[in-house]
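Reading the structure
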Number of protein chains: 2
Amino acid sequence: MSTAIDIIDVTPRDGLQIEKQVVSTEDKVELITRLADAGARRIEAVSFVHPRRVPTMADAEAVMERVPVREDVSYIGLALNTRGILRALETSVDEVNFVLPITDAFAEANQGGSTGSLLAELETALPDLEGSGKKLSVTLAVAFGCPYQGEVPIADVVRIAGTLLDAAPLDELAIADTIGCGVPGQAQNLFEQVGALSDVPLRAHFHDTRRTAIANVAAARAAGVRRFDSSVAGLGGCPFAPGAAGNVATEDLVWALERDGCTTGIDLESAVDTGRWITGILGKEPGSGIAAAGPFPAGR
Amino acid sequence: MSTAIDIIDVTPRDGLQIEKQVVSTEDKVELITRLADAGARRIEAVSFVHPRRVPTMADAEAVMERVPVREDVSYIGLALNTRGILRALETSVDEVNFVLPITDAFAEANQGGSTGSLLAELETALPDLEGSGKKLSVTLAVAFGCPYQGEVPIADVVRIAGTLLDAAPLDELAIADTIGCGVPGQAQNLFEQVGALSDVPLRAHFHDTRRTAIANVAAARAAGVRRFDSSVAGLGGCPFAPGAAGNVATEDLVWALERDGCTTGIDLESAVDTGRWITGILGKEPGSGIAAAGPFPAGR
């Protein structure tokens with residue numbers, strides 16, 4: 001098992017997207033700056049979603065104009081359709097991440113089309129993407145369970161991943177437990193099966209909704225995954241479970257991984273401080289175990 | 001890996017012990033009755049601790065006089081010294097669980113003696129225990145880290161477990177992450193090493209203080225453990241981290257295990273209801289992911 005783990009901090013996008021409060025462009029830029037200073041080397045900075053659907057992401061272009069230019073940090077912009085990809089290509093994002101839900105039901109609700117039609121949207125933009133020099137990743141959403149369909153068979157994930165890998169030249173394939181319903185045996189099985197399809201690096205996105213996120217990370221690691229999404233203070237929540245926990249907290253993930261001998265490059269204290277700062281702006285408490293209990297041993 | 005998992009519900013003792021509010025004998029008996037009705041087959045019902053140290057446990061004998069007599073349920077009484085064991089033997093508990101901290105610092109603070117002197121206390125009571133027909137288990141406390149000493153080497157746990165196994169005929173050896181600082185690699189390593197010492201069944205006791213409890217359960221399962229402590233609503237807390245999460249919640253554990261194909265014999269809905277009922281009495285919110293988000297799929 002690799003002990004060098006890459007953390008992709010998704011606070012500015014997945015962490016903030018669910019919040020009713022619109023965070024100012026200035027505060028988003030400060031958040032991104034703080035995350036980079038804490039050691040994050042890949043940051044999901046913005047979403048090129050229609051501003052009517054997610055008003056708090058309406059300033060994506062303005063954010064990307066003002067983030068610090070750092071050779072050592074790669075900024076990711078999320079896209080949900082062809083238009084979103086083309087918007088991303090006009091900005092300074094280093095990577096485009098396209099969201100492809102496994103179930104048609106979630107695809108329709110989230111992006112207004114079937115899984116197949118969304119894959120076609122991605123394919124439409126491939127020539128522009130290839131000419132841009134930007135990296136391309138795809139996130140397979142609701143891969144562990146869907147709020148509309150219910151159970152999602154691993155076979156469906158493998159089938160759609162296979163079609164996608166044949167259709168598009170990916171730099172990375174991310175697989176998301178969008179509503180935090182995954183369990184570790186499922187996670188290991190799923191990542192082993194998808195990992196067998198190609199040499200494209202896999203990334204895992206877990207929510208701690210039902211307290212299984214760290215377990216799922218360990219299981220995905222056993223299947224060879226070494227790239228994980230997280231959000232400071234566990235921001236992110238779940239629109240389908242109001243009041244529940246959100247993304248696995250960056251500080252919980254960093255602490256647990258490093259205590260088991262891994263390296264992440266993230267400064268734990270800075271991650272906790274950044275979580276306290278942004279939750280202060282949002283008027284809520286940090287949702288991480290480490291923010292509540294402190295690290296062990298103390299002072300790490 | 002075995003898929004039949006035994007859950008030991010520790011709500012009446014470890015769940016309530018930290019609470020400032022003294023729960024009435026009547027409510028304790030109802031709690032125990034509800035847990036048994038939910039399917040718990042082993043329940044940590046009482047602690048024979050000095051009432052000055054833990055006032056809320058002062059009614060241990062009265063509780064044991066009133067719990068339902070059930071052939072299919074085994075009641076566990078906790079003991080911290082010879083006197084506690086002898087008190088337990090005068091009651092209807094089916095099992096005595098003796099607490100032996102790995103570090104002298106915690107042993108002194110928790111039980112007023114060194115680890116060695118507490119082992120001697122256990123040995124003093126062995127003849128009475130053997131004549132009683134009651135089962136004996138020992139919990140090795142602070143085996144994953146100590147609030148006073150800091151890091152606890154696995155070698156120390158293995159050494160003390162070895163001495164204990166030579167000294168006393170145990171029906172079970174429990175190993176506790178008393179302050180919730182364990183991580184999965186550590187858990188698997190620790191349980192593999194202690195498991196290699198004898199054929200005595202192992203039990204694992206995890207707290208979700210830093211969101212690693214379910215991960216640690218999965219890791220202990222990989223090391224062969226199939227007995228796990230938990231508490232409804234995640235009650236239990238940690239006196240060293242006020243406001244932090246407590247024991248791994250019975251409902252989170254049952255949901256995660258059963259979703260991965262295990263059987264626990266616990267009815268999930270009843271566990272959630274019992275957690276809501278007892279936290280209502282305590283005037284607090286349930287601390288479990290399942291209570292906040294519901295199970296997945298819904299209605300399980």
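Rules of the game
- Residues numbered from 1 in each chain as written.
- Chains lettered and ligands numbered in written order.
- Predicted model: local features only at pLDDT ≥ 70, side-chain atom pairs only at ≥ 80, totals over all residues.
- Heavy atoms only, no water.
- UniProt positions renumbered as here; feature names shortened; annotations may be inferred.
- Helix = DSSP H or I, 4+ residues; strand = E, 2+ residues; numbered from the N terminus.
- Rg over C-alpha atoms; globule rule 2.2 N^0.38 Å.
- Buried < 20%, exposed > 50% of the residue type's maximum accessible area, 1.4 Å probe, protein only.
- Contact = heavy atoms within 4.5 Å.
- Lys, Arg positive; Asp, Glu negative; His and termini not counted.
- Charge placed at Lys NZ, Arg CZ, Asp CG, Glu CD.
- Least-squares fit on C-alpha atoms with pLDDT ≥ 70 in both.
- Buried area = accessible area lost by both parts, 1.4 Å probe.
- Salt bridge = Lys/Arg side-chain N within 4 Å of Asp/Glu carboxyl O.
- Polar contact = N/O pair within 3.5 Å; in protein donor to acceptor, adjacent residues only side chain to side chain.
- Nonpolar A, V, L, I, M, F, W, Y, C, P; charged D, E, K, R; others polar.
- Arc of directions from axis to C-beta.
- Axes fitted to C-alpha atoms, helices over the stretch in contact; angles between N-to-C directions.
- Parallel < 35°, antiparallel > 145°, perpendicular 65-115°, else oblique.
- Pairing = 2+ DSSP bridges.

As recorded in an unreviewed UniProt entry, chain A goes by the name Hydroxymethylglutaryl-CoA lyase, listed as coming from Brevibacterium yomogidense. The heading Sequence similarities (unreviewed entry) in the UniProt record of chain A holds the text "Belongs to the HMG-CoA lyase family."

Counting its regular elements, chain A contains 12 helices and 8 strands. Here chain A has a C-alpha radius of gyration of 18 Å; the compact-globule value for 300 residues is 19 Å, and the two agree. Summarising its shape, the C-alpha atoms of chain A cover approximately 50 × 40 × 35 Å along the three principal directions. Looking at chain A residue by residue over its 300 residues, the buried ones come to 61%. Once local pairs closer than 6 in sequence are excluded, the contacts in chain A between residues at least 24 apart make up 72%. One way to put it: in chain A the 25 positive side-chain charges average out to a point 3 Å from where the 41 negative ones average out.

Our focus in this paragraph is the relation of the copies chain B and chain A. Overlaying chain B on chain A yields an RMSD of 0.0 Å, the required transformation being a rotation through 180° with an accompanying axial translation of 0.0 Å. The operation mapping one copy onto its partner corresponds to a two-fold rotation axis. For chain B, the residue whose C-alpha comes nearest the rotation axis is Ala215 of chain B, separated from it by 1.8 Å. Looking at chain B, 100% of its interface residues are interface residues in chain A too, so the copies touch through the same face.

A word on the interface of chain B and chain A. Listed by partner, the interface residues are 39 residues for chain B and 39 residues for chain A. Interface area, chain B with chain A, both sides summed: about 2800 Å², of which 59% is carbon and sulfur. Of all residues in chain B, Arg210, Arg211 and Phe296 of chain B give up the largest surface area on contact with chain A, accounting jointly for 28% of the area buried on that side. In this assembly, chain B and chain A are joined by 4 salt bridges. With its nearest N and O atoms 3.1 Å apart, the salt bridge here joins Arg211 of chain A to Asp208 of chain B. On the surface where chain B and chain A come into contact, there are 18 residue pairs in polar contact (both at pLDDT 80 or more). Taken together, the elements giving at least two residues each to the side of chain B that touches chain A come down to helix H8 (184–195), helix H9 (213–222), helix H10 (250–259) and helix H12 (289–293) of chain B. Considering only residue class, the side of chain B that touches chain A consists of 21 nonpolar, 11 polar and 7 charged.

As a further point, take the pattern of salt bridges. According to the stated counting rule, one finds 36 salt bridges over all chains in the structure shown. The salt bridge involving Glu172 of chain A is made with Arg203 of chain A; its shortest N-O contact spans 2.6 Å. With Glu172 of chain A in strand E6 (residues 172–176) and Arg203 of chain A in strand E7 (residues 202–205), this pair connects stretches of sequence that are 31 residues apart. Residue class for Glu172 of chain A comes out buried when judged on its relative accessible area of 2%. Asp72 of chain B is the partner of Arg70 of chain B in a salt bridge, and the nearest nitrogen-oxygen pair spans 2.9 Å. Residue Arg70 of chain B is classed as partly exposed on the basis of its relative accessible area of 24%. Here Asp72 of chain B falls in the partly exposed class, since its relative accessible area comes to 35%. The structure contains a network of salt bridges with shared partners spanning Arg42, Glu95, Glu172, Arg203, Arg227 and Asp229 of chain A.

A few words now on the UniProt feature "domain: Pyruvate carboxyltransferase" (unreviewed entry) in chain A. Per the UniProt record, "domain: Pyruvate carboxyltransferase" (unreviewed entry) is annotated on residues 5–272 of chain A. Helix makes up 42% of residues 5–272 of chain A and strand 16%, with an end-to-end C-alpha separation of 19 Å.

It helps to recall that an α-helix has 3.6 residues per turn; residues three or four apart then point in one direction. Residues and elements named next belong to chain A. Along helix H5 (residues 104–111), the residues that are buried comprise Phe106, Ala107 and Gln111. Each buried residue of H5 lies within a common arc of 100° when the element is viewed along its axis, so the set occupies one face. On its buried face, H5 sits against strand E4 (95–101) and helix H6 (115–132). Phi for Gly112, located one or two positions after H5, is positive at around 70°.

Before going further, it helps to examine the packing of helix H4 (residues 82–89) of chain A against H6 of chain A. Residue and element names in this part refer to chain A. Orientation of H4 relative to H6, taken along the N-to-C sense of each, is 10°, at an axis distance of 9 Å. By the angle between their axes, H4 is roughly parallel relative to H6. Residues Thr82, Ile85, Leu86 and Leu89 of H4 lie in contact with H6, whose contacting residues are Glu121, Leu122, Thr124, Ala125, Asp128, Leu129 and Ser132. Each residue belonging to the contact of H4 with H6 can be placed in one class, and the counts come to 6 nonpolar, 3 polar and 2 charged.

To continue, consider the pairing of E6 of chain A. All names here are of chain A. Taken across its 5 residues, E6 has 5 buried, putting it largely inside the fold. The pairing of strand E5 (residues 135–141) with E6 spans 4 bridges and is classified as parallel. Each bridged residue has a counterpart across the sheet, and for Thr139 the counterpart in E6 is Ala174. As defined by bridge partners, E6 adjoins E7 across 4 bridges and the pair is classed as parallel.

Now for the environment of Ala291 of chain B. Residues and elements named next belong to chain B. Among the structural elements, Ala291 can be located in helix H12. Classification of Ala291 as buried rests on a relative accessible area of 13%. On a C-alpha basis, the gap between Ala291 and Pro242 in space is 21 Å, while along the polypeptide they are 49 residues apart. Ignoring sequence-local partners within four residues, the contact set of Ala291 consists of Glu251, Arg276 and Pro286.

Below, the discussion takes up the environment of Gly234 of chain A. All names here are of chain A. Among the secondary structure elements, Gly234 is positioned in the loop between strand E8 (227–230) and helix H10 (250–259). Residue Gly234 is classed as buried on the basis of its relative accessible area of 9%. Residues Gly234 and Asp252, 18 residues apart in the sequence, show an inter-C-alpha distance of 8.5 Å. Leave out the neighbours within four places in its chain, and Gly234 touches Gly246, Asn247 and Ala249.

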